[in-house]
Structures are given as structure tokens and as C-alpha cells.
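Chains, contacts and geometry: an overview
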Amino acid sequence: QVQLVESGGGSVQPGGSLRLSCAASGKIFSVNRMAWYRQGPGNQRELVAAISSVGTTNYADSVKGRFTISRDNAVNTVHLQMNSLKPEDTAVYLCNGNIQETRWTRSRELWGQGTLVTVSS
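Worth saying up front: this structure is predicted, and the values here are computed from it rather than measured.

Reading guide: rules and limits
- Residues numbered from 1 in each chain as written.
- Predicted model: local features only at pLDDT ≥ 70, side-chain atom pairs only at ≥ 80, totals over all residues.
- Heavy atoms only, no water.
- Phe/Tyr/Trp six-rings, centres within 6.5 Å; stacked < 30°, edge-to-face > 60°.
- Lys NZ or Arg CZ within 6 Å of the ring centre and 35° of its normal.
- Salt bridge = Lys/Arg side-chain N within 4 Å of Asp/Glu carboxyl O.
- Helix = DSSP H or I, 4+ residues; strand = E, 2+ residues; numbered from the N terminus.
- Core = buried A, V, L, I, M, F, W, Y, C linked by side-chain atoms within 4.5 Å.
- Buried < 20%, exposed > 50% of the residue type's maximum accessible area, 1.4 Å probe, protein only.
- Contact = heavy atoms within 4.5 Å.
- Pairing = 2+ DSSP bridges.
- Axes fitted to C-alpha atoms, helices over the stretch in contact; angles between N-to-C directions.

1. Observations concerning the packing of aromatic side chains
Considering all chains together, one arrives at one aromatic pair under this definition. The ring of W111 carries the charged tip of R45 above its face, separated from the ring centre by 4.5 Å.

2. Comments concerning the pattern of salt bridges
Under the definition given, this model contains five salt bridges. Here E46 makes a salt bridge to R38, at a shortest N to O gap of 2.6 Å. Among the salt bridges present, the one from D89 reaches R38, with a minimum N-O distance of 2.9 Å. Taken together, the positions of D89 in the loop between β8 (77-82) and β9 (91-100) and R38 in strand β4 (residues 30-39) put the pair 51 residues apart, joining distant regions of the chain. Within this structure, R38, E46, R66 and D89 form a network of salt bridges that share partners.

3. Here we look at the nonpolar core
One broad rule of soluble globular proteins: the nonpolar side chains tend to lie buried together. Ranked by size, the top nonpolar core spans 28 residues in total, and within it W36, L80, M82 and Y93 carry the most contacts. Elements that contribute at least two residues to this core include exactly β3 (18-25), β4, β5 (46-51), β7 (67-72), β8, β9 and β11 (115-119). With residues up to four places along the chain from it excluded, the contact list for M82 reads G16, S17, L18, L20, R66, F67, Y93 and V117.

4. A closer look at the sheet that holds β3
Read across the open sheet, the four strands follow the order β1-β3-β8-β7; overall the sheet is antiparallel. Among the strands making up the open sheet, the edge pair consists of β1 (3-7) and β7. Between one strand axis and the next, the sheet turns through 15 degrees on average, direction left out of account. Note: β3 against β8, six bridges, orientation antiparallel.

5. Topic: unusual backbone geometry
Phi at N76 takes a positive value of approximately 50 degrees, unusual for a residue other than glycine. Mapped onto the elements of the fold, N76 is located in the loop between β7 and β8. Backbone geometry at S84 places phi at a positive 50 degrees, although glycine is not the residue there. Locating S84 in the fold gives a position in the loop between β8 and β9. The class for S84 is partly exposed, based on a relative accessible area of 40%.

6. Here we look at the environment of G97
Within the secondary structure, G97 sits in strand β9. The class for G97 is buried, based on a relative accessible area of 0%. As a C-alpha pair, G97 and N43 span 54 residues in sequence and 22 Å in three-dimensional space. Discounting residues that sit within four places of it in the chain, G97 has contacts with L4, R33, M34, R108, E109 and L110.

Here is the structure:
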């Protein structure tokens, strides 16, 4: 069974940096779009950044210039480098992937369990 497992969350002071990683494991034929979403206290889930299978990226306006999404297709992993963190970046960050498990099955959306990022002085 395919799983997405996040790592790298934690607590940091404003202005600090964190790097999140998400690895897809299990029986995988192809990994298409991968993305990071976040959900802060009392807020709806929002897209933070996404990256296509060929490396095309898009970002939420609130993180442009501060966050960078990247992927390593050889190990089915996506990263989110977060710099100049602000208190309003505090949220549970969730990895999302569009994954095809076999040549003959449709791709489907999978979610990781989430990792907490807290930005506070």
C-alpha cells in the first residue's frame, strides 16, 4: 500500500528556517504532481506549493520568495525549504501526491499524516 510520510516539522523562531520532506513508499508506477498544503488553527486547508513531474512549480502568494519546493524523482520524495518563517506560517503541513500504482490503474490522490510547524518567539 502506498504511503506518504512527512518529516522535518518542529518549532522555530521568526526568521528561521525549516526543511520538510515527504517520501512516497510502496508499490509505485509513477508519481505525478506533488504538493504541500497547510492548515492553521481555525483556518481552511490551503495550497502552499506544488510541483509537477517535470519540475514546474507554483506557490501561494504568501510564501513566494521564502519557500522552495523541489523533488527527487529517483526516490519519490518532495521537499519544502522554508526560509524567513513568520508566525502566520504556523500550521500542520500536509504532503499530497497524485500517484499511479500500476500501469493499469488510475492515479489517485494520497495524503500524508501531517507535520506541525510552529513559528514563535
